[in-house]
Amino acid sequence: MPEPPDAASLREAGVELVRVSYADLHGVCRGKDVPIDAYDAVRAHGIAQTEAVMTIDLRHNVIAGFEHGFRDFWAIPEPATLVRMPGDPAVAWCLAGTRRLDGPFPLDPRYALRQAIAGLARHGLGAVVAPELEFYLVEPRTWRSYVAHDSSVYTCGPVSDPGGVVREILRTARDLGLQPIVSSQEYGRGQYEINLRHGEALESADRSFRFKAMAKEVAARHGLLATFMGQLRDDDEGSGLHLHVSCTGEDGANAFADPAAPDGLSAAARHFAAGVLAHLPALTAFLNPTVNAYRRFIVESLAPTHVNWGVDNKLAAVRVPAEGGEAARLELRTGDGTANIHLAVAAVIAAGTDGLARELALGEPVSGNPYELGDERLGPQLPKTLGAALDALAADRLLVDAIGEELCATYTMIKRYELDRWHAELARVTDWERDEYAHHL
């Protein structure tokens, strides 16, 4: 492999600054811009960052870290991830690894994913992931949709993209090396889906993380907001994050494939799927990380509500696509668009690895409309609220240990504080109450 570029070679190519980015616990893109003259020093030593950036909620409240005075961690550029920004080639974008002075930085979602990948590797397997990313384009604050008419699902061109915004997102994704493979309007008004090519788990998660940040930047240039919020409005569709997962063996072949099996799945695939299902209530805390996410869980919607699996059945929580062979894989359909992709993938791999380690048996699949089968065959219900999902995570010691005690404790603290603020909002007198009671009573 060629040597990663240093400051001199980047400067010669016209780069003026390097943007060094990492994901916080929400999956928000954080980081700093480094002038090219300072890049070599930063590359060698990293950038000191206060840990508070990993303990803030989305309303900018610092939730944790006071007990040790907000010590630093270091974001260290990974030059192999450098890419020129298509709209501004004077900027090179780089992802960062992290560390504390005394070792790894356990609040880093990419570190959690690396640990999960290492755990799976001890079984001689590597994880392959492909994401389906759904989002809305809306006007900020008014929430008016970029495209407001119904029934444009699976359309392309000016009907569904009159300003060429989605086309620009797709083109920028291509130029950044994010490997988009298909794009169209989804079912909602102004809702879109762009799928990225499958790849090794960390590399695929990195591309997904970059895609979300890039889509927001492109939309902002057009005066729009790209939002991956799970349920933007009551009268339209939710935005999900569907994860296609398979494993490769030491020979590089798909370890989930068994053409002789009726469902095309190998024993390893069945154990992995059983592990995901066994831990799915706790996984929900990472896959559906907001109060809003649980508004998507509606019976007979395409957001599953129970722990089950099926062959080519999009009403199941885990779907086995029909192709089989080298395309054999699992599709986890419960995720919300707001999920932190690194934590979501890490948790799914950890759950699947537990299924492999314990050789868990996969039960019978659901078929047809699972909701017509009755509760016994429909499977256990997924958590209905963020609070219930956090309770399930706290009770799942294997998953907490796999993701990291400190990360899970900090994540839970932030999310509990978010819940407290939500409950305080619910305590306010509403317009509905005034309209309902004030005149007559």
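Calculation notes
Residues numbered from 1 in each chain as written. Predicted model: local features only at pLDDT ≥ 70, side-chain atom pairs only at ≥ 80, totals over all residues. Heavy atoms only, no water. Helix = DSSP H or I, 4+ residues; strand = E, 2+ residues; numbered from the N terminus. Rg over C-alpha atoms; globule rule 2.2 N^0.38 Å. Buried < 20%, exposed > 50% of the residue type's maximum accessible area, 1.4 Å probe, protein only. Contact = heavy atoms within 4.5 Å. Areas by Shrake-Rupley, 256 points an atom, 1.4 Å probe, with all protein chains shown as cover. Lys, Arg positive; Asp, Glu negative; His and termini not counted. Charge placed at Lys NZ, Arg CZ, Asp CG, Glu CD. Phe/Tyr/Trp six-rings, centres within 6.5 Å; stacked < 30°, edge-to-face > 60°. Lys NZ or Arg CZ within 6 Å of the ring centre and 35° of its normal. Axes fitted to C-alpha atoms, helices over the stretch in contact; angles between N-to-C directions. Parallel < 35°, antiparallel > 145°, perpendicular 65-115°, else oblique. Left-handed = near helix turned anticlockwise from the far one by under 90°. Core = buried A, V, L, I, M, F, W, Y, C linked by side-chain atoms within 4.5 Å. Nonpolar A, V, L, I, M, F, W, Y, C, P; charged D, E, K, R; others polar.

Within the protein chain one finds 13 helices and 15 strands. In terms of overall size, the protein chain behaves like a compact globule, its C-alpha atoms giving a radius of gyration of 22 Å where 441 residues would be expected to give roughly 22 Å. Taking the principal axes of the C-alpha coordinates as reference, the protein chain spans close to 65 × 65 × 55 Å. Scored against the burial criterion, the 441 residues of the protein chain give a buried share of 56%. Across the protein chain, contacts joining residues at least 24 apart in sequence account for 71% of those joining residues at least 6 apart. Carbon and sulfur atoms make up 54% of the accessible area of the protein chain, which amounts to about 19,800 Å² in all. When the 42 positive and 61 negative side-chain charges of the protein chain are each reduced to one mean point, those points stand 4 Å apart.

We now examine the packing of aromatic side chains. Inspection of the entire model under this criterion finds ten aromatic pairs. When the ring of Phe 135 is compared with that of Phe 228, the centres are 5.3 Å apart and the planes differ by 35 degrees; the resulting orientation is tilted. In this pair, Phe 135 sits in strand β7 (residues 126-138) while Phe 228 sits in the loop between β11 (225-227) and β12 (241-248), placing the two residues 93 residues apart along the sequence. Taken as a pair, Phe 135 and Phe 228 share a single burial class, namely buried. Of the aromatic side chains, those joined through ring pairs into one cluster are Phe 135, Tyr 146, Tyr 192, Phe 211 and Phe 228. Directly above the ring of Phe 228 sits Lys 212, whose terminal nitrogen or CZ lies 5.0 Å from the centroid.

At their nearest, the axes of helix α7 (residues 280-287) and helix α10 (residues 386-395) sit 7 Å apart, and the two run at 120 degrees to each other. The orientation of α7 relative to α10 falls into the category oblique. The handedness of the crossing between α7 and α10 is left-handed. Note on element contacts: α10 touches α7 through Ala 389, Leu 390, Ala 392 and Leu 393, opposite Pro 281, Ala 282, Thr 284, Ala 285 and Phe 286.

It is worth spelling out the nonpolar core at this point. If you look at the biggest cluster of nonpolar residues, it comprises 123 residues, and the most contacted ones within it are Val 18, Leu 137, Ile 169, Phe 211, Leu 243, Phe 272 and Ile 403. Of all the elements, helix α8 (residues 341-358) adds the most residues to this core, at eleven residues. For Leu 243, the contacting residues outside a window of four places in its chain are Val 129, Ala 130, Pro 131, Leu 287, Leu 330, Glu 331, Leu 332, Ile 341, Ala 344, Val 345 and Val 348.

Turning next to the packing of α10 against helix α12 (residues 405-426). If you want to describe how two helices pack, look at the angle between their axes and the distance between the axes. The contact between α10 and α12 brings their axes to 10 Å, and the two run at 160 degrees. Taken together, the axis directions place α10 and α12 in an arrangement best described as roughly antiparallel. When the axes of α10 and α12 are compared, the crossing they make is left-handed. Counting all contacts with α10, which are made through Leu 386, Gly 387, Leu 390, Asp 391 and Leu 393, the residues of α12 involved are Tyr 411, Thr 412, Lys 415, Arg 416, Glu 418 and Leu 419. The class makeup of the residues in the contact of α10 with α12 is five nonpolar, two polar and four charged.

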